[in-house]
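This is what each chain is made of:
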Amino acid sequence: QVQLVESGGGLVEAGGSLRLSCVASGSISSILVMGWYRQAPGKQREMVATISSTGFINYVDSVEGRFTISRSDVGNAVYLQMNSLKPEDTAVYFCHATGQARGGFSQDWGQGTQVTVSS
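Residues numbered from 1 in each chain as written. Predicted model: local features only at pLDDT ≥ 70, side-chain atom pairs only at ≥ 80, totals over all residues. Heavy atoms only, no water.

**Some details on the sheet that holds strand β8 (residues 77–82)**
This is how the line gets drawn: When DSSP finds at least two bridges between two strands, those strands are taken to pair. Each helix corresponds to a stretch of at least 4 residues labelled H or I by DSSP, and each strand to a stretch of at least 2 residues labelled E; elements are numbered beginning at the N terminus. Every axis corresponds to a line fitted to the C-alpha atoms, with the helix fit spanning only the stretch in contact, and the corresponding angles, defined between N-to-C directions, vary from 0 to 180 degrees.
Strand order in the open sheet formed by four strands is β1-β3-β8-β7, and the pairing between neighbours is antiparallel. Each end of this open sheet is capped by a strand with a single partner; those strands are β1 (2–7) and β7 (67–71). Adjacent strand axes in the sheet meet at a mean angle of 15° when their direction is disregarded. Where β7 and β8 come together, five bridges link them in antiparallel fashion. Its bridge partner lying in β8, R71 is registered against V78.

So, in structure tokens, the structure goes:
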């Protein structure tokens, strides 16, 4: 089991930047992929960015070139540098981890951190 705690959300004007952090604890060695998802009011949760234990990175098209995901060397933290923020980026951002588990894969979520971008 992995526990995830996010931080770094807040209120920022359009064009500004924020850096989100997620610290993992528990069965860290089992983590295969960490990433960020977001959910805006009335919308489904969507993947924003992921990074695998081997360094493979994926972004949703809408943040390509603006956001950068990174992971600590020991794999216990993941970060999301968000630049050129837009009002449509406003959402609750959740840290996510996929890990190995007996009988399949585990899916763990953080509590979420609010990001609000004003126009």
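Continuing now.
**Let's talk about unusual backbone geometry**
Its identity is not glycine, yet S84 carries a phi of approximately 50°, on the positive side. Assignment of secondary structure puts S84 in the loop between β8 and β9 (91–101).

**A few points about the packing of aromatic side chains**
Here is the rule: Pairing of aromatic side chains here covers Phe, Tyr and the six-membered ring of Trp, requires ring centres within 6.5 Å, and sorts the geometry by plane angle: under 30 degrees stacked, over 60 edge-to-face, intermediate tilted. Over a ring means this: the NZ of a Lys or the CZ of an Arg is within 6 Å of the ring centre and within 35 degrees of the ring normal.
According to the stated counting rule, one finds two aromatic pairs in the structure shown. Consider the rings of Y37 and W109, whose centres lie 5.0 Å apart with planes at 70°: the pair is edge-to-face. On the criterion of sequence distance, the pair formed by Y37 in strand β4 (residues 31–39) and W109 in strand β10 (residues 104–109) is long-range, its members being 72 residues apart. Ring geometry for F94 and W109: centres 6.5 Å apart, planes at 85°, overall edge-to-face. Taken as a pair, F94 in strand β9 and W109 in strand β10 lie far apart in primary sequence, 15 residues in all. Over the ring of F94 we find R45; its NZ or CZ atom is 3.8 Å from the centre of that ring. Here the basic side chain of R45 rests over the ring of W109, its NZ or CZ set 4.6 Å away from the ring centre.

Remember, this is a structural readout, not a statement about activity or role.
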